[in-house]
Structures are given as structure tokens and as C-alpha cells.
Amino acid sequence: VSQHPKRFVGFFMVDPTLDGTVEKIKRAIVELGLRCICLFPAMHRYKVCDDKIMRIFEAVSSLNGAVFVHCGVLSIGVRNKLGLASRFAIDCSSPLHLHSVAMTYPDLPIIIPHFGAGFLSEALMVADLCPNVHLDTSSSNSWIKYHPGLTLEDVFRQAFDVLGADKLIFGTDSSFFPRGWQRGVWECQMEIMEKIGVTNSDKEKIFSGNFDRIFPAD
């Protein structure tokens with residue numbers, strides 16, 4: 001990020017249940033030039049609406065950063081490959097927990113990845129009610145298996161019907177280093193967008209415009 005600030009936007013994960021997290025966030029944003037914190041409530045077993053977590057959002061908001069909050073089903077590819085147990089608390093990861101937070105900090109951009117990763121209705125609801133909440137389209141979206149009869153095309157169609165193009169951000173996701181950009185994800189999602197009639201101007205918003213709006217170049 002320091003070498004190529006115009007090419008990369010740095011995200012970083014924090015565990016807000018630990019002491020010193022606010023100071024870590026301030027250093028990362030102010031000194032290191034990172035711009036978005038990543039929260040994994042299921043992994044660290046907390047709810048973002050808890051009073052003790054709100055200080056995290058307050059700190060990021062005061063520093064003009066953004067927040068990425070993983071909701072729904074969480075699977076860590078490298079842990080699965082190594083056969084390591086993952087004691088995640090999915091009851092902590094509902095998008096509905098973000099509603100009061102987003103309303104309290106309306107100028108703070110909040111991104112929910114993978115269409116809510118199993119909590120599609122809840123993610124759409126929160127993003128519809130809160131102008132500062134966005135959904136990203138990343139990963140294989142294998143959570144669809146928990147919704148019998150639902151396809152990724154249906155997901156995109158519902159997201160467009162409820163949110164339009166301004167609240168959606170394209171992403172490919174990566175399960176472990178060095179895998180990053182996944183052309184197959186891009187091709188699949190582009191094909192779906194063309195099939196459901198997404199205009200070129202709306203595609204531009206999803207593939208770059210919305211991200212650039214949330215993370216404008218200095």
C-alpha cells in the first residue's frame with residue numbers, strides 16, 4: 001500500500017474483544033495508510049450491536065475509514081485443508097445486528113460480503129434501510145445450497161430489484177495465499193448480469209464505480 005497507494009486499498013482484520021483495538025485501528029489508518037477494517041463476529045464470538053463493540057465503529061468513522069463485516073456462514077479454506085476445528089458462532093453473525101450501528105454512523109461505509117453468506121433476506125433488508133450499507137458479490141456463494149431452488153441468477157435479480165446497482169460491489173474472494181483474482185467468478189457473474197439485462201453503466205458501478213466512491217483516490 002505504501003509503495004503503490006493509487007493501486008491498492010488496504011484492509012486489515014481486528015478482534016474488537018481484545019484490549020488496544022482502538023489504538024491498533026488508529027495506527028493502521030493514520031500511520032500505515034490502511035482504509036478499511038474487517039470484522040468477523042462469528043470467528044471472535046461477539047455481536048456488532050453490543051455497546052462494547054460500538055467504540056470500534058466510532059473510531060473508524062472519526063478517521064474516515066470503512067468497515068467490512070463478514071456475516072453468515074464462515075469457512076476458512078486453509079483451516080479446512082489442515083483439518084483444524086473452527087469454533088465459529090454463527091448466531092453472532094446476522095446482518096440485522098448492523099442495522100442500529102449503520103443508523104448510528106450514517107456516513108460510515110459498511111460492506112457485507114457474499115450477499116450475507118446465507119442471510120440474503122436480512123442483508124437485503126439492512127442494505128435497503130441503511131444508505132451506507134453495501135453488499136459485495138464475492139466468492140463462489142456456495143451458501144445458496146441452504147436456499148433450495150435459489151440460483152445465483154436469482155440472487156442477483158433480487159439484489160437489483162431491492163437495491164439497484166449503487167449498493168453492489170464486485171469481488172472474487174480468495175481462500176488462501178496466493179490465490180487472488182479468480183477469472184471464473186468474474187466470467188460467471190458477468191454472464192449473469194448480461195442475462196438479466198444489467199446496463200453497461202450499472203456494470204461500471206458494480207465493477208469499479210461504487211468501490212471508487214467508497215475509497216476515493218487521494
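Residues numbered from 1 in each chain as written. Predicted model: local features only at pLDDT ≥ 70, side-chain atom pairs only at ≥ 80, totals over all residues. Heavy atoms only, no water.

J.: What's the story with the sheet that holds strand E1 (residues 11-13) in this structure? I'm lost.
T.: Two orientations exist for strands paired in a sheet by backbone hydrogen bonds: parallel and antiparallel. If you walk across this open sheet you meet the six strands as E1-E2-E3-E4-E5-E6, and the pairing is parallel. At either end of the open sheet lies a strand with only one pairing partner, and these are E1 and strand E6 (168-169). The sheet contact formed by strand E2 (residues 36-39) and strand E3 (residues 66-69) spans four bridges and is parallel. Residue pairing across strands places Cys38 opposite Phe68, the latter belonging to E3. (Pairing = 2+ DSSP bridges. Helix = DSSP H or I, 4+ residues; strand = E, 2+ residues; numbered from the N terminus.)

J.: What's the story with the layout of surface pockets in this structure? I'm lost.
T.: Empty space among the atoms becomes apparent when a probe as large as a water molecule is rolled across them. Computed from the structure, the second largest pocket encloses a volume of approximately 320 Å³. Residue composition of the lining of the second largest pocket, by class: eleven nonpolar, six polar and three charged. (1 Å grid on protein atoms, 1.4 Å probe; cavity = no way out; pocket = protein on both sides within 12 Å on 5 of 7 lines; lining within 4 Å. Points joined across faces, edges and corners; volume = space filled by probe spheres on them. Nonpolar A, V, L, I, M, F, W, Y, C, P; charged D, E, K, R; others polar.)

J.: Any chance you could explain the pattern of salt bridges here in plain terms?
T.: Where charged atoms from two side chains of opposite charge approach closely, those side chains can pair. A complete count under the given rule lists seven salt bridges for this structure. With its nearest N and O atoms 3.1 Å apart, the salt bridge here joins Glu187 to Arg183. Residue Glu187 and its partner Arg183 are located together in helix H8 (residues 183-195), separated by four residues, close to a single helical turn. Among the ionic pairs, Lys205 bridges to Asp202, the shortest N-O distance being 4.0 Å. Of the two residues, Lys205 and Asp202 are both situated in helix H9 (residues 200-214); the distance of three residues between them amounts to about one turn of the helix. Accessibility expressed as a relative area gives 21% for Asp202, which makes it partly exposed. Look at the salt bridges and you will find they share partners, linking Glu153, Arg157 and Lys195 into a network. (Salt bridge = Lys/Arg side-chain N within 4 Å of Asp/Glu carboxyl O. Buried < 20%, exposed > 50% of the residue type's maximum accessible area, 1.4 Å probe, protein only.)

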